[in-house]
Amino acid sequence: MASVEFVNVKKSFGAQPIIKGVDVQIDDGEFVILVGPSGCGKSTLLRMLAGLENITAGEIRIGDKVVNQMPPKERDIAMVFQNYALYPHMTVADNMAFSLKLKGASQATIDERVRPAAEILGLTHLLQRFPRQLSGGQRQRVAMGRAIVRDPQVFLFDEPLSNLDAKLRVAMRAEIKELHQRLKTTTVYVTHDQIEAMTMADKIVVMHDGIVEQIGAPLELYDQPVNLFVAGFIGSPSMNMIKGRVDTADASRFIAQDGTVLPVRNPADSMKGRDLVYGVRPEAMRLDPAGVPLQVLVVEPTGSETQIMAKLAGADVTCVFHDRVAARPGDTLHVAIDTNSTHIFDAASGLRL
Ligand SMILES: Nc1ncnc2c1ncn2[C@@H]1O[C@H](COP(=O)(O)OP(=O)(O)OP(=O)(O)O)[C@@H](O)[C@H]1O
Ligand SMILES: [Mg+2]
């Protein structure tokens with residue numbers, strides 16, 4: 001196992017800068033998830049760590065070694081991709097043993113490594129099967145088995161679950177997390193699924209357009225997003241954003257563009273006179289006849305909760321109620337806002353105030 005560090009790492013493809021100075025510190029044994037929209041540079045960062053892509057500027061360290069110039073096979077890293085191509089003509093056991101065989105390991109060593117890995121992944125009874133005789137989730141586990149038998153210093157995963165159906169994804173999510181708890185190998189995991197990020201990570205790195213927007217524990221990002229991008233990206237459904245300004249006489253009154261007044265959590269004089277965005281989580285509203293009006297557009301009951309798309313203070317919002325709400329499109333409900341789950345952002349800079 002080892003720590004990993006990116007120090008002001010940059011990458012350009014031709015003249016096009018793609019990674020624009022990334023600093024990330026990953027502790028030994030940590031499970032870190034890189035999230036961000038498509039094209040923001042997640043895979044590029046992972047591939048640079050694996051040595052599959054060179055670095056334009058900066059430094060990558062694994063343990064106490066700078067690995068910028070080190071070839072991939074010396075980095076002691078195992079990578080699992082989205083398209084985990086297994087060798088179709090090899091059994092599960094041979095697929096898992098492949099890298100050890102390449103290194104010239106003895107059959108005894110191979111057995112010693114493959115058997116416990118298969119045990120951990122629940123593949124023992126499938127060792128003699130061929131990939132075509134396995135389900136998608138089982139194949140995914142074989143791909144992980146191949147990485148585990150190498151006993152690397154660092155695991156890299158690039159969207160390993162995106163080819164699986166929703167139910168299998170949830171199951172595999174739990175398995176990968178459990179695997180990490182057993183092996184405690186430093187792991188860097190890429191996804192654009194923020195639920196995966198929230199549920200699996202010790203630490204999340206939110207990327208956007210080649211830069212890091214924020215690094216923190218999942219709930220830290222959820223509760224204290226530094227800016228509008230992180231606030232909108234973390235959490236599902238997304239945080240609702242309402243434009244307006246605070247009352248110049250009283251900063252505790254946010255006045256939306258349609259005149260609706262909303263309560264401000266930590267009013268400050270610095271909020272006065274600026275264009276602002278009021279952020280409120282979908283689950284931070286409850287029905288209250290004394291609250292602000294909510295014009296219902298769409299009602300989606302899921303059984304355990306009711307999701308309502310609506311207009312509030314002139315903005316399109318989503319509310320999640322943890323009970324059943326008898327409302328129809330066109331109705332007007334009233335909601336009180338849990339002020340503790342609200343944020344004020346500067347509209348121009350995007351920063352949370
Ligand atoms: N070999 C390459 N040559 C030129 N541009 C590239 C190359 N590889 C990636 N890019 C560009 O770099 C940017 C980042 O790509 P990257 O694959 O890292 O994104 P990503 O965050 O992994 O996205 P996704 O979620 O879609 O996988 C993209 O704009 C992509 O087009
Ligand atoms: Mg990618």
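Values in this document were obtained by computation on a predicted structure and should not be read as measured data.

Sorry if this is basic, but what is going on with the overall build of the protein here?
A count of helices and strands for the protein gives 8 helices and 19 strands. Overall, the protein is about 75 × 45 × 35 Å in size when its C-alpha atoms are taken along their principal axes. By residue count, 47% of the 353 residues in the protein fall in the buried class. Residue pairs at least 24 apart in sequence account for 65% of intrachain contacts in the protein once pairs closer than 6 positions are excluded. Carbon and sulfur atoms make up 49% of the accessible area of the protein, which amounts to about 16,600 Å² in all. The centroid of the 38 positive side-chain charges in the protein is displaced by 5 Å from the centroid of its 41 negative side-chain charges.

How do you make sense of the side chain of Gln-214 when you look at a structure like this?
Along the chain, Gln-214 turns up in strand S10 (residues 211–216). Polar contacts involving the side chain of Gln-214 include one to the main-chain carbonyl oxygen of Gln-224, which spans 3.1 Å. Not counting residues within four places of it along the chain, the set of residues in contact with Gln-214 comprises Ile-204, Val-205, Val-206, Leu-221, Gln-224, Pro-225, Val-226 and Val-230.

I'm lost on the domain arrangement of the protein in this one. Help?
Note on interface size: it is often stated as the accessible area lost on association of the parts. Split by domain assignment, the protein resolves into domain 1 (4–232) and domain 2 (237–346). At the interface, 8 residues of domain 1 touch 9 residues of domain 2. Roughly 680 Å² is buried in total at the junction of domain 1 and domain 2, and carbon and sulfur atoms are behind 56% of that figure. Looking only at domain 1, the three residues that lose the most surface to domain 2 are Tyr-222, Leu-228 and Ala-231, adding up to 68% of its buried area. Applying the counting rule to domain 1 against domain 2 returns 0 salt bridges. Between the two partners, domain 1 and domain 2, sit 3 residue pairs in polar contact (both at pLDDT 80 or more). Secondary structure elements with two or more residues in the side of domain 1 that touches domain 2: helix H7 (218–223) and helix H8 (228–233). Along the lines of polarity and charge, the residues of the side of domain 1 that touches domain 2 split into 5 nonpolar, 2 polar and 1 charged.

I would appreciate a short explanation of the confidence of the model for the protein in the present structure.
Where the model shows low pLDDT, its predicted coordinates should not be examined in detail. For the protein, the average pLDDT comes to 93, and 100% of its residues sit at 70 or higher. Mean pLDDT in the protein bottoms out at helix H5 (residues 166–183), which sits at 86, and peaks at S10, which reaches 98.

How should I be thinking about the pairing of strand S1 (residues 4–13) in this particular structure?
The side chains of a regular strand alternate between the sheet's two faces. Strand direction decides the pairing type here: S1 and strand S4 (residues 57–62), joined by 5 bridges, are antiparallel. Looking at the pairing, Phe-6 lines up with Ile-60 of S4. Between the antiparallel neighbours S1 and strand S2 (residues 16–26) lie 2 residues, among them Gly-14 with a positive phi of about 65 degrees.

What is the right way to read the packing of aromatic side chains from this model?
Geometry of an aromatic ring pair is reported as the spacing of the ring centres plus the angle between the planes. Going through the model one piece at a time under the given rule, you end up with 6 aromatic pairs. Summarising the aromatic geometry, the rings of Phe-155 and Phe-157 are spaced 6.0 Å apart at their centres and angled 45 degrees between planes, so their arrangement reads as tilted. The pair formed by Phe-155 and Phe-157 is uniform in burial state, with each residue classed as buried. Judged by centre distance (5.5 Å) and plane angle (40 degrees), the rings of Phe-157 and Tyr-189 are tilted. Remark: Tyr-189 occurs in strand S8 (residues 186–190) and Phe-157 occurs in strand S7 (residues 154–158); sequence separation between them is 32 residues. Just as Phe-157 is buried, Tyr-189 falls in that class too. Members of the aromatic cluster, connected to one another through ring pairs, are Phe-31, Phe-155, Phe-157 and Tyr-189. Sitting above the plane of the Tyr-222 ring, Arg-281 keeps its charged end 3.9 Å from the centroid.

Help me understand the nonpolar core in this model?
In a soluble, globular protein the nonpolar side chains are often hidden away together inside. Core analysis: the largest hydrophobic core is formed by 45 residues, its most contacted members being Ile-33, Met-96, Tyr-189 and Val-206. The biggest single contributor to this core is helix H4 (residues 136–149), with 6 residues. Ile-33 has contacts with Tyr-189, Thr-191, Glu-196, Ala-197, Met-200, Ala-201, Lys-203, Ile-204 and Val-205, leaving out every residue within four places of it along the chain. In terms of nonpolar packing, the next biggest core, distinct from the first, is built from 30 residues, Ala-251, Phe-254, Val-296 and Ile-337 among them.

Which parts of the structure should I look at to understand helix H3 (residues 107–121)?
Along an α-helix, residues three or four positions apart point the same way, because every turn accommodates 3.6 residues. Between its first and last C-alpha atoms H3 spans 21 Å; for 15 residues at 1.5 Å apiece the expected length is 21 Å, and the two agree. Listing the buried residues of H3 in full gives Ile-110, Val-114, Ala-117, Ala-118 and Leu-121. Buried residues in H3, looked at end-on, bunch into an arc of 100 degrees, giving them a common side. In H3, the exposed residues that point more than 90 degrees away from the buried face are Ala-108, Glu-112, Arg-115 and Glu-119. The secondary structure elements touched by the buried residues of H3 are helix H2 (92–102), H4 and H5.

Hey, could you run me through the sheet that holds strand S3 (residues 31–35) in this one?
Whether parallel or antiparallel, the strands of a sheet pair through hydrogen bonds between backbone atoms. Taken in spatial order, the 6 strands make up an open sheet running S6-S7-S8-S3-S9-S10, and their pairing is mixed. Looking at which strands have only one partner, the edges of the open sheet turn out to be strand S6 (77–80) and S10. Between one strand and the next, the sheet's axes are offset by a mean angle of 15 degrees, whatever the strand orientation. Relative to S8, S7 is paired through 5 bridges, and the arrangement is parallel. Counterpart to Leu-156 in the pairing with S8 is Val-188. The sheet strands contacting helix H1 (residues 42–50) are S3, S6, S7, S8 and strand S9 (203–208), and the helix crosses S7 at an angle near 150 degrees. Here H4 sits on the sheet and contacts S6 and S7; the angle it forms with S6, its principal contact strand, is near 170 degrees.

Cut-offs used in this document
- Residues numbered from 1 in each chain as written.
- Chains lettered and ligands numbered in written order.
- Predicted model: local features only at pLDDT ≥ 70, side-chain atom pairs only at ≥ 80, totals over all residues.
- Heavy atoms only, no water.
- Helix = DSSP H or I, 4+ residues; strand = E, 2+ residues; numbered from the N terminus.
- Buried < 20%, exposed > 50% of the residue type's maximum accessible area, 1.4 Å probe, protein only.
- Contact = heavy atoms within 4.5 Å.
- Areas by Shrake-Rupley, 256 points an atom, 1.4 Å probe, with all protein chains shown as cover.
- Lys, Arg positive; Asp, Glu negative; His and termini not counted.
- Charge placed at Lys NZ, Arg CZ, Asp CG, Glu CD.
- Polar contact = N/O pair within 3.5 Å; in protein donor to acceptor, adjacent residues only side chain to side chain.
- Domains from an automatic or database assignment.
- Buried area = accessible area lost by both parts, 1.4 Å probe.
- Salt bridge = Lys/Arg side-chain N within 4 Å of Asp/Glu carboxyl O.
- Nonpolar A, V, L, I, M, F, W, Y, C, P; charged D, E, K, R; others polar.
- pLDDT = per-residue confidence, 0-100.
- Pairing = 2+ DSSP bridges.
- Phe/Tyr/Trp six-rings, centres within 6.5 Å; stacked < 30°, edge-to-face > 60°.
- Lys NZ or Arg CZ within 6 Å of the ring centre and 35° of its normal.
- Core = buried A, V, L, I, M, F, W, Y, C linked by side-chain atoms within 4.5 Å.
- Expected span 1.5 Å × (residues − 1).
- Arc of directions from axis to C-beta.
- Axes fitted to C-alpha atoms, helices over the stretch in contact; angles between N-to-C directions.

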